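# Notes for the structure review
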Amino acid sequence: MLLPRRAIQALLLAVAVAAPAAAKECPDPSAGRTVHLVYAVYLGGINAVDLNIDLALGCDGYRLDLSSEVKGLMRYILPWSLRVRSSGRVQGARLVPRNAHTESSWRGKRRWTTLEFPDGRPVIVSARPKRKPPKVPPQEMQGAIDIATGVLSAARAVTRPGSCSIRLPVFDGRRRFDAVFEALGEGELPRSRLSAYSGKAEVCDLSIEILHGRRKETDYGGLASGERTMTFWFAPLFDGVHPLPVRIQQETDLGGAIGHLTSARIDGEGGSRTYGLPR
């Protein structure tokens, strides 16, 4: 079950971070609000994992908390959990991370990486297991961000058709790579009992190009192999908030892994709005 675990982890990370942040000037009602998202992740047609996200949106910053829960009998097959935290500031059109933490557990064995970003460069402050970071030229580390901030930055770019094409420098504690997003155009998601959203969405592909550090075929669910991509469907759910991922999909050796948005709510200034599964 090694491949499904890594594939689901990659899918969860992508769902978690592909969310909006408020603009620095706060011209819209999203400032000072919190978005709550719930996704159901299916592997081979089985709801394997539920994902919960809280995203705080501010005038000059963002903060994300993610937790995952393996469902039913899958807990015995996939005894795994994931927690992601990322925060930073909004600097014009850029997101600048302050710290990022990713922690997972597999059969009771915990692994984590904590990064801080002094002077705009990622630094490992804590990691288990301990490892030597790859040798990366200083100029290639300057401006590198965590993977959560990377996909979040791509989501902010989805403001018009075909606008998600972007290349971002990322460091995850083990590798320095580029996250490459490619716009595929507009798609239509039909009404489904599995999804809280139906309608038009911008479709974008994500691939990874490893520049420094050890490359494994299974890293990020196979994205690091250069042979697979992850597909996002972004759609505007709330007024004044950048598009959110309403579906994410990736092929694996055991079939398709799909993340469906099952619930979305925004609270704070300007009232609240909720999306849920169709009845």
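One structure accompanies this document, and this report is about it. Please read these numbers as outputs of a predicted model, since none were measured by experiment.

### Things to note about the side chain of serine 87
Tracing the sequence through the fold places serine 87 in strand E4 (residues 80-91). A polar atom in the side chain of serine 87 sits 3.1 Å from the side chain of asparagine 99.

### Topic: the pairing of strand E10 (residues 199-212)
In this sheet, E10 lies alongside strand E9 (residues 176-189) in antiparallel orientation, the contact comprising 13 bridges. Bridge pairing in E10 links glycine 187 to alanine 201. Across five bridges, E10 lies against strand E11 (residues 230-235) in antiparallel orientation. Across the sheet, leucine 206 pairs through a bridge with methionine 230, a residue of E11.

### Looking at the environment of glycine 259
Structurally, glycine 259 is set in strand E13 (residues 255-268). Residue glycine 259 is classed as buried on the basis of its relative accessible area, which comes to 0%.

### As for a nonpolar patch on the surface
A cluster of nonpolar residues, Leu73, Tyr76 and Ile77, forms a patch on the protein surface that exposes about 400 Å² of accessible area. Within the secondary structure, tyrosine 76 is located in helix H2 (residues 74-77).

### Points about unusual backbone geometry
With the exception of glycine, most residues fall at negative phi, and the peptide bonds are largely trans. At the junction of arginine 128 and proline 129, the peptide bond is cis and its omega measures out at 0 degrees in the coordinates. Mapped onto the elements of the fold, proline 129 is located in the loop between strand E7 (123-128) and helix H3 (138-141). Even without a glycine there, the phi angle at arginine 107 is positive, about 55 degrees. Note that arginine 107 resides in the loop between strand E5 (94-106) and strand E6 (109-116). Even without a glycine there, the phi angle at aspartate 119 is positive, about 60 degrees. Topologically, aspartate 119 is positioned in the loop between E6 and E7.

### Section: the nonpolar core
Counting 37 residues, the largest nonpolar core has Leu37, Leu237, Phe238 and Val246 as its most contacted members. Element by element, the count of residues in this core is highest for strand E2 (residues 46-57), at six residues. If near-sequence neighbours (up to four positions away) are discounted, leucine 237 is found in contact with Tyr197, Leu244, Val246, Leu261, Ala264, Arg273 and Tyr275. If you look at the next biggest cluster of nonpolar residues, it comprises 20 residues, including Val158, Cys204, Ile208 and Phe234.

What counts, and at which threshold
Residues numbered from 1 in each chain as written. Predicted model: local features only at pLDDT ≥ 70, side-chain atom pairs only at ≥ 80, totals over all residues. Heavy atoms only, no water. Helix = DSSP H or I, 4+ residues; strand = E, 2+ residues; numbered from the N terminus. Polar contact = N/O pair within 3.5 Å; in protein donor to acceptor, adjacent residues only side chain to side chain. Pairing = 2+ DSSP bridges. Buried < 20%, exposed > 50% of the residue type's maximum accessible area, 1.4 Å probe, protein only. Patch = residues over 30% accessible without salt bridge, like charges linked within 9 Å, V, L, I, M, F, W, Y side chains within 5 Å. Areas by Shrake-Rupley, 256 points an atom, 1.4 Å probe, with all protein chains shown as cover. Salt bridge = Lys/Arg side-chain N within 4 Å of Asp/Glu carboxyl O. Core = buried A, V, L, I, M, F, W, Y, C linked by side-chain atoms within 4.5 Å. Contact = heavy atoms within 4.5 Å.

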